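This is what each chain is made of:
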Amino acid sequence: MDEKEVKEELGEGKLYGGLVVPAGFTSSITALTGATTTGPRARPTLTVLTNQSAGSMGSGLARTATTQGVLRWFDRKGLHRIPVETAPEEGAVPA
């Protein structure tokens, strides 16, 4: 399911939330661990979309579930979590 389909299903009330993983996400994570730099590195970002019409409880559950899933993925891969230095964009989960 792509981002457009997730947004459509959120709008139709079929989903409480969704996680958007952009193309190249894994490579952007891997690039952060490289010893060489070829300029500024883009900070990998995941986007959590929630159904605001599901109420604060529904959207909160969706956000928590997707965030916890991402953190477990990082732990399984042995990746260190990168601390948030600035406020993330609305709905973005820093990687």
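This structure is a prediction, so every number in the text was calculated from the model and none was measured. Note that residues are indexed from 1 along each chain, following the sequence as it is written. Only residues with pLDDT of 70 or above have their local features reported here, since the model is predicted, and side-chain atom pairs are shown and tallied only from 80 upward, although totals for entire chains, interfaces and linings are computed over all residues. Excluded from the side-chain calculation are hydrogens and water; included are all heavy atoms of the structure.

**Student:** Tell me what's going on with the overall build of the protein chain, and back it up with residues and numbers.
**Tutor:** The number of helices and strands found in the protein chain is 3 helices and 3 strands. Going residue by residue from the N terminus, the α and β elements of the protein chain occur as α-β-α-β-α-β. Summary of the burial criterion: residues with accessible area below 20% of their type's maximum are buried, those above 50% are exposed, and those between are partly exposed, where the area comes from a 1.4 Å probe applied to protein chains only. Taken over 95 residues, the protein chain has a buried fraction of 23%. Note on contacts: a residue pair qualifies if any of its non-hydrogen atoms lie within 4.5 Å across the two residues. Residue pairs in contact within the protein chain that sit at least 24 positions apart in sequence constitute 62% of those at least 6 positions apart. Strands here mean DSSP runs of E at least two residues long; helices mean DSSP runs of H or I at least four residues long; both are numbered from the N terminus.

**Student:** Pulling in residues and values, what's your account of the side chain of Thr 66?
**Tutor:** One can find Thr 66 in helix H3 (residues 55–77). Whenever a nitrogen or oxygen atom comes within 3.5 Å of another N or O atom, the pair is scored as a polar contact, on the condition that within protein one atom can donate a hydrogen and the other can accept it, and that pairs from neighbouring residues in sequence are kept only if both atoms are in side chains. A distance of 3.0 Å separates a polar side-chain atom of Thr 66 from the backbone oxygen of Ala 62. Residue contacts for Thr 66: discarding those within four places in its chain leaves Gly 18, Leu 19 and Val 48.

**Student:** Describe in detail the nonpolar core, supporting the description with residues and values.
**Tutor:** Among buried residues, the Ala, Val, Leu, Ile, Met, Phe, Trp, Tyr and Cys ones that are joined through side-chain atoms within 4.5 Å form a nonpolar core. Judged by nonpolar contacts, Phe 25, Ile 29, Leu 46, Val 70 and Phe 74 together constitute the single largest core of 5 residues. Sorting the residues of this core by element identifies helix H2 (25–32) and H3 as the ones contributing at least two each. Val 70 has contacts with Leu 19 and Leu 46, leaving out every residue within four places of it along the chain.

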